[in-house]
Amino acid sequence: LVAELKALQDVLGRFYDRRWEEDSNAAQPVAESMRGVASLLDKPLPSLRPPSLWVDSEEERLARSLLDACEGPGPLVLIHPGSDRETRRWFPERFAEVARELSRRRGARAVVVGSAWELPTALRIREQARPVPVWIASGRVPIGALAVLARRAALVICNNSMALHLAAAAER
């Protein structure tokens, strides 16, 4: 154990006295950031492949039926207001404001998704987004169908949560 702690101390010591410059204004894939950090440790990262999620035909069908229900010509915006920690959640009023503005400027259609316990938040977003229609799918969308919706959406607006990582996997 002492040898392992010493080895860890050696690595951390090398890490903390080096600096990796990252352009904070440039959008950069997480994998590139991780490669930069790994280079500080003189350790290559294994080749990374994008995450993927298998979706069964029932989840695909459910996602299609939800998309049909919120018909309209504008781009689809998926809103996932939930998070496991309250400190990570954006205010429902802000989601509503974004839905209103995207509808006004781009004719966007907003769909709120999440778990059943997030339904009160979804209803609050819909109420505060008026007169813009907001479709509620909270509590009705399993993770596979959520992945399909994220793939089809023009934009996913969410907190730091599972939905964020799912949207990244769907390249949104």
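The model shown is predicted, which means the values in this text are computed figures rather than measured ones.

**Some remarks on helix 3 (residues 57-69)**
Piece 1. With 13 residues, helix 3 should reach 18 Å at 1.5 Å per residue; the first-to-last C-alpha distance of 18 Å fits that figure.
Piece 2. Taken together, the buried positions of helix 3 are occupied by E59, E60, A63, L66 and L67. All buried residues of helix 3 lie within an arc of 125 degrees about the axis, which places them on one face of the element. Turned more than 90 degrees from where helix 3 packs its buried face, S57, D68 and A69 sit exposed.
Piece 3. Each element contacted by the buried residues of helix 3 is listed here: strand 1 (76-80), strand 2 (109-112) and helix 6 (143-152).
Piece 4. The backbone nitrogen of E58 has a side-chain oxygen 3.1 Å away, supplied by the residue at the start of helix 3, namely D56.

**Focus on the packing of helix 3 against helix 6**
Angle between the axes and distance between the axes are the two parameters that describe a pair of packed helices.
Piece 1. Put simply, helix 3 and helix 6 touch, their axes get as near as 8 Å, and they point 50 degrees apart. In terms of orientation, helix 3 lies oblique with respect to helix 6. Helix 6 is crossed by helix 3, and the crossing has right-handed handedness. Counting all contacts with helix 3, which are made through E59, E60, L62, A63, R64, L66 and L67, the residues of helix 6 involved are G144, A145, V148, L149 and R152.
Piece 2. Its residues placed into classes, the contact of helix 3 with helix 6 shows 7 nonpolar, 1 polar and 4 charged.

**Things to note about the pairing of strand 2**
Piece 1. Every second residue of strand 2 is oriented toward a common face, with R109 and V111 on one face and A110 and V112 on the other, all of them buried.
Piece 2. As paired strands, strand 1 and strand 2 are joined by 4 bridges and run parallel to one another. Each residue of the ladder has a partner; that of L78, found in strand 2, is V111.
Piece 3. Chirality of the crossover, the property in question, places the unit of strand 1, helix 4 (residues 92-106) and strand 2 among those that are right-handed.
Piece 4. Relative to strand 3 (residues 134-136), strand 2 runs parallel, the two sharing 3 bridges. The residue of strand 3 that forms the bridge with A110 is V134.
Piece 5. This β-α-β element, strand 2 to helix 5 (residues 119-129) to strand 3, shows right-handed connectivity.

Parameters and conventions
- Residues numbered from 1 in each chain as written.
- Predicted model: local features only at pLDDT ≥ 70, side-chain atom pairs only at ≥ 80, totals over all residues.
- Heavy atoms only, no water.
- Helix = DSSP H or I, 4+ residues; strand = E, 2+ residues; numbered from the N terminus.
- Expected span 1.5 Å × (residues − 1).
- Buried < 20%, exposed > 50% of the residue type's maximum accessible area, 1.4 Å probe, protein only.
- Arc of directions from axis to C-beta.
- Contact = heavy atoms within 4.5 Å.
- Polar contact = N/O pair within 3.5 Å; in protein donor to acceptor, adjacent residues only side chain to side chain.
- Axes fitted to C-alpha atoms, helices over the stretch in contact; angles between N-to-C directions.
- Parallel < 35°, antiparallel > 145°, perpendicular 65-115°, else oblique.
- Left-handed = near helix turned anticlockwise from the far one by under 90°.
- Nonpolar A, V, L, I, M, F, W, Y, C, P; charged D, E, K, R; others polar.
- Pairing = 2+ DSSP bridges.
- Right-handed = clockwise from strand over helix to strand, strands pointing away.

It is worth stressing that arrangement in space is one thing and function is another; only the former is reported here.
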